[in-house]
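One letter stands for each residue in the lines below.
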Amino acid sequence: MTSLRQRKPDYDTGPSKILEVDYDHSKKYGKDFIPDEVNSTQHRISFILLILISTIVTFYKIWNPAEVVFDEVHFGKFAGYYLKRSYYFDVHPPLAKLMIAGMGYLLGFDGQFEFSSIGDSYVDHHVPYIGLRALPALLNVLITGFIYSIMRQSGYSYIICILSTAMYIFDNAMVTQHRLILLDSMLIFYMVMTIYCYIRFRKLRHRPFTSEWWVWMLASGVSMALTVSVKLVGLFLIALIGVSVIYDLWCLLDIRRGLSMDEFLRHFYARAFSFILVPIIVYLLWFYVHFAILTESGTGDSFMSTRFQDTLKNSPLKLAALDIYYGDEIIMKHKDTNAYLHSHALHYPLRYEDGRVSSTGQQVTGVLESNENCYWRIKPAEEFEDDEPHRVKHGDIIQLEHVITGTNLLTHDVASPYMPTNEEVTTVPLDERFEETLFKILLEDEEDDADVNFQTHMTPFRLLHEDTKVAIWVHNKKLPEWGLGQLEVNGNKNALDHNNYWVAEEIKGKNASEINTEKSGKPVSKMPFIKKFLELQGRMISHNSGLTKPHPYQSTPITWPFMIRGVSYWSNEESRSQIYLSGNLFGWYLSMLGLAVFCGIMLADVLARRRAIEPIEEPVRHRLLQSAGFFFIGWILHYIPFFAMGRSLFLHHYLPAATINYLLLGAMYQFMFIDGIDSPVSFLTRNSKLTYQTSMKAELTWKIFVVVGLTVLAQMAMFVFLAPLTYGTPMTIDQVKSHQLLSGWKLHFGK
């Protein structure tokens, strides 16, 4: 290794120059330089062999099991909805599911199989599941090609390229996840494609505005958009590229670069176009295709607004909808609790158990089954001058009369039974307290001045009290015996709460089927694409954050790198076979060690340089910061944000970060076991006289081949040992027990 060099603390050195290790101060390269294909034959042979190995490992026994596995129940079903053109709702963007649907279309799949539950037979229902699984499996093979190419384009020796790629190939978690009808294969494929394209773009940074420069920059932007079009966690990749682009622009802004402000702005606008505008257009494109295909009413209707539902053909809600007129007697159901607004002749007790006093007014409650006590007559605040029927519209001021008891709904400044901060809801005789019985009808997703009719089923609404500005709401808590165990209804002071919405379900004496017999033939309504897109985005984000229901195999991010808990994907009791998601213990632990080594090197380098000591040769240090540092930030951005998420999380959420970690591991092996680097690797010109230029060649010795060989053999050994859990191979009880390497692994048949 090179001995430590101490620099002289001489700070009066005249005009400074910018270090670019991809340059060479000698004249041997001439005017321009194209990087040599170092060890190109070895690269080609290694690449082909690794692709063949990856194909065998990934496609091995891909037909097993011939049953629905894990989240194939969701994503196989969603692909079928595209083929039936039936609208569905999912928290993820549509691209990956469109790809699966496209494969299904080519295979002749009609989408009728429902993927109802784990263990359903594909063979019995003639589902071309092998072909459907072949798509993510093929992408996994291509991922290995991109990993090799990323390392090669970054200037690493071919033995290091082999290391990072082989570690990925023989990772059990990657093989398990990427040979099933799931989305992660597409996500990681587009992620590594983006990284590869961006590295190719960065290598052309000394040849700006050439055709190649534009091609790779645009390819980076498009592939970045494709990543986030698979899953919203693709935003982590956007953050990675964004940080790198900002750093790039910051360097270009340096006056020593010799760029005028006009030239700098050209760079800025080019990057804004390629990394902002183009990705937005590509992202919007897949939603346009999504809406264009899904034109029929389906299972996702209920997640969307009634205006959105009205754009779908054969909507059962639309066929059941009736306009509501003043004087109609309606039943109202609370959307959040499915409780019906109800009243009866019983009264609130004078005192509650905590000593608070009520109004002793008539009880208004929520019941889970409608009855005659759930009918309310809707009345205008002011009588109409004519006798014509008048529709109820958005923004109208109304009264609600409880039909059975002949009293008007009211809320007032008296604390509710369970929530002292909310108002009590009661009823009063028809001729009393008129101002306090007025409510405004506010329909969902409508502007205050919208002239929209109030309908059953189709128009969720809030009842906003005119006097106190609270909204009628159902508290999902049963009242005591005096309230017959029914749910509390009160006035919510948070009037904008999304849980305040109700739906009118029925109009007494009107049969929707008879009235709407001809409605099915009428054309659907129109809604601008951008409004549909924004509504769906909002629903996706809010629903995703609400996925907090406990799951037996959920885990926390702190446990992922150490694989404390895996996920059971499928099991068969008769054959004692199972598929269990677990990464390669050796590879994941070694990768974490690589992270620690990188952090240690960076800390030691910073401390040494504070004492004017240069422990690392500048070209090697520059490569370490620019390449390994890029991978390290990528790992951070794909891992740390999960700590802030409140939704249920699983081990497979770590796979993008684990993939990037294998890139960093290769960089650490290059630094520790190979003297020097292959530099330059970029395409160069000689336009700047203010730039230092350096050249270096990596020196491969026998020790790197031994170390890499032993590492890959250890990875392969662990992969083979865990392979029965990856491929669903039958095992005896003793074999199952021997594979339960960590106490957190909950394997079936191991007791």
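In the block above lies the structure referred to throughout.
Residues numbered from 1 in each chain as written. Predicted model: local features only at pLDDT ≥ 70, side-chain atom pairs only at ≥ 80, totals over all residues. Heavy atoms only, no water.

This next bit is on the overall build of the chain. Helix and strand counts for the chain stand at 19 helices and 18 strands. With the C-alpha coordinates of the chain rotated into their principal frame, the extents come out at 100 × 70 × 60 Å. Burial analysis of the chain (751 residues in total) assigns 54% to the buried set. By element, 59% of the accessible surface of the chain is carried by carbon and sulfur atoms, the whole surface being about 33,600 Å². Each charge sign in the chain was given a centre, from 68 positive and 76 negative side chains, and these centres are 13 Å apart. (Helix = DSSP H or I, 4+ residues; strand = E, 2+ residues; numbered from the N terminus. Buried < 20%, exposed > 50% of the residue type's maximum accessible area, 1.4 Å probe, protein only. Areas by Shrake-Rupley, 256 points an atom, 1.4 Å probe, with all protein chains shown as cover. Lys, Arg positive; Asp, Glu negative; His and termini not counted. Charge placed at Lys NZ, Arg CZ, Asp CG, Glu CD.)

Let's shift gears to the pattern of salt bridges. Scanning the entire structure with this criterion turns up 23 salt bridges. Close ionic contact of Arg 356 with Asp 354 constitutes a salt bridge, the shortest N to O distance being 2.7 Å. In this structure, Arg 609 engages Glu 618 in a salt bridge whose closest nitrogen and oxygen atoms are separated by 3.2 Å. Connected through shared salt-bridge partners, Glu 329, Arg 377, Lys 379 and Glu 401 make up one network. (Salt bridge = Lys/Arg side-chain N within 4 Å of Asp/Glu carboxyl O.)

Residue position: Thr 711 is located in helix α18 (residues 702-727). In this view, Thr 711 contacts Leu 163, Met 167, Phe 586, Leu 590 and Tyr 669; residues no more than four positions away in its chain are not counted. Polar contacts involving the side chain of Thr 711 include one to the side chain of Tyr 669, which spans 2.7 Å. (Contact = heavy atoms within 4.5 Å. Polar contact = N/O pair within 3.5 Å; in protein donor to acceptor, adjacent residues only side chain to side chain.)

Moving on to the pairing of strand β11 (residues 461-465). Within β11, 5 of the 5 residues are buried, which leaves it mostly tucked inside the rest of the structure. Residues of β11 alternate between two faces, with Phe 461, Leu 463 and His 465 on one and Arg 462 and Leu 464 on the opposite face, all of them buried.

Between its terminal C-alpha atoms helix α15 (residues 585-610) stretches 38 Å, which fits the 38 Å expected from 26 residues at 1.5 Å a residue. For α15, the side-chain oxygen to backbone nitrogen distance between the N-cap and Phe 586 is 3.1 Å, and the N-cap itself is Asn 584. Two residues or fewer past α15, Ala 612 is found with a positive phi of approximately 60 degrees. (Expected span 1.5 Å × (residues − 1).)

Positionally, His 267 belongs in helix α10 (residues 261-293). The buried category is assigned to His 267, whose relative accessible area is 6%. Among residues more than four places away in sequence, those in contact with His 267 are Pro 208, Phe 209, Trp 213, Leu 249, Leu 252 and Leu 259.

Attention now goes to the packing of helix α1 (residues 40-59) against helix α4 (residues 129-153). Two numbers describe how α1 lies on α4: the axes approach to 9 Å, and their chain directions differ by 155 degrees. One element, α1, and the other, α4, form an angle in the roughly antiparallel class. The interaxial crossing formed by α1 with α4 has right-handed handedness. Judged by residue contacts, Ser 40, Gln 42, His 43, Ser 46, Phe 47, Leu 50, Ile 51, Ser 54, Thr 55, Thr 58 and Phe 59 of α1 engage Ala 134, Ala 137, Leu 138, Asn 140, Val 141, Thr 144, Gly 145, Tyr 148, Ser 149 and Arg 152 from α4. Along the lines of polarity and charge, the residues of the contact of α1 with α4 split into 9 nonpolar, 11 polar and 1 charged. (Axes fitted to C-alpha atoms, helices over the stretch in contact; angles between N-to-C directions. Parallel < 35°, antiparallel > 145°, perpendicular 65-115°, else oblique. Left-handed = near helix turned anticlockwise from the far one by under 90°. Nonpolar A, V, L, I, M, F, W, Y, C, P; charged D, E, K, R; others polar.)

This brings us to the nonpolar core. Membership of the largest hydrophobic core comes to 161 residues, with the highest contact counts inside it found for Met 186, Tyr 190, Tyr 569, Trp 588, Leu 624, Phe 631 and Tyr 654. Sort the elements by how many residues they give to this core and helix α7 (residues 184-202) lands first, with 14 residues. Setting aside chain neighbours within four positions, we find Trp 588 in contact with Asp 171, Ala 173, Trp 560, Pro 561, Met 563, Gly 583, Leu 651, Tyr 654, Leu 655, Ala 658 and Tyr 662. Tyr 326, Val 474, Leu 487 and Ala 504 belong to the second largest nonpolar core, which has 31 residues in total. (Core = buried A, V, L, I, M, F, W, Y, C linked by side-chain atoms within 4.5 Å.)

Among the surface-exposed residues, Glu 385, Asp 386, Asp 387 and Glu 388 lie close enough to one another that they form a single negatively charged patch. When you line up the elements, Asp 386 lands in the loop between β6 (375-380) and β7 (397-402). In this structure Asp 386 comes out as partly exposed when scored by relative accessible area, which is 39%. (Patch = residues over 30% accessible without salt bridge, like charges linked within 9 Å, V, L, I, M, F, W, Y side chains within 5 Å.)

Turning next to helix α2 (residues 72-84). Across its 13 residues, α2 extends 18 Å between first and last C-alpha, which sits within 8% of the 18 Å expected from 1.5 Å per residue. Within α2 the residues assigned to the buried category are Glu 72, Val 73, Phe 75, Gly 76, Phe 78, Ala 79, Gly 80, Tyr 81 and Tyr 82. The inward-facing, buried residues of α2 abut α3 (95-106), α4 and α10. Where α2 ends, the next residue or the one after it, Arg 85, has phi of about 60 degrees, a positive value.

Bringing the side chain of Gln 537 into the picture now. With respect to the secondary-structure elements, Gln 537 resides in helix α14 (residues 529-545). On the accessibility criterion, Gln 537 (12% relative accessible area) is buried.

With the exception of glycine, most residues fall at negative phi, and the peptide bonds are largely trans. Omega for the bond connecting Asn 64 with Pro 65 falls within 30 degrees of zero, at 0 degrees, which places this linkage in the cis form. Among the secondary structure elements, Pro 65 is positioned in the loop between α1 and α2. The backbone of Arg 85 sits at a positive phi, close to 60 degrees, despite the residue not being glycine. Taking relative accessible area as the criterion, Arg 85 reaches 39% and is therefore assigned partly exposed.

We now examine the state of the cysteines. According to the stated counting rule, one finds 0 disulfides in the structure shown. Here Cys 197 stays free of any disulfide, with the sulfur of Cys 161 as its closest cysteine sulfur at 17 Å. With relative accessibility at 6%, the residue Cys 197 sits in the buried group. (Disulfide = S-S within 2.5 Å.)

A surface patch of nonpolar side chains, amounting to about 530 Å² of accessible area, comprises Ile 45, Phe 47, Ile 48, Leu 49, Leu 52 and Ile 53. Position of Ile 48 among the secondary structure elements: in helix α1.

For the structure shown, the criterion picks out 55 aromatic pairs. Note on Tyr 87 and Phe 308: the rings are 5.2 Å apart at their centroids and 55 degrees apart in plane angle, and the pair reads as tilted. Highlighted residues: Tyr 87 in the loop between α2 and α3 and Phe 308 in helix α11 (residues 306-309), separated in sequence by 221 residues. Note on Tyr 87: relative accessible area 0%, which makes it buried. On the basis of relative accessibility, which here comes to 1%, the residue Phe 308 falls in the buried class. Where Tyr 196 meets Trp 216, the ring centres are 5.8 Å apart and the plane angle is 85 degrees; that geometry is what we call edge-to-face. One end of the pair, Tyr 196, is in helix α7; the other, Trp 216, is in helix α8 (residues 211-228), with 20 residues separating them in the sequence. The two residues Tyr 196 and Trp 216 agree in class, both being buried. Site record: aromatic cluster; members linked through ring pairs are Tyr 87, Tyr 283, Phe 287, Tyr 288, Phe 291, Phe 308, Phe 529 and Phe 533. When the ring centre of Tyr 418 is taken as origin, the NZ or CZ atom of Lys 477, which lies over that ring, is 4.3 Å away. Over the ring of Phe 291 we find Lys 532, and its NZ or CZ is 4.9 Å from the ring centre. (Phe/Tyr/Trp six-rings, centres within 6.5 Å; stacked < 30°, edge-to-face > 60°. Lys NZ or Arg CZ within 6 Å of the ring centre and 35° of its normal.)

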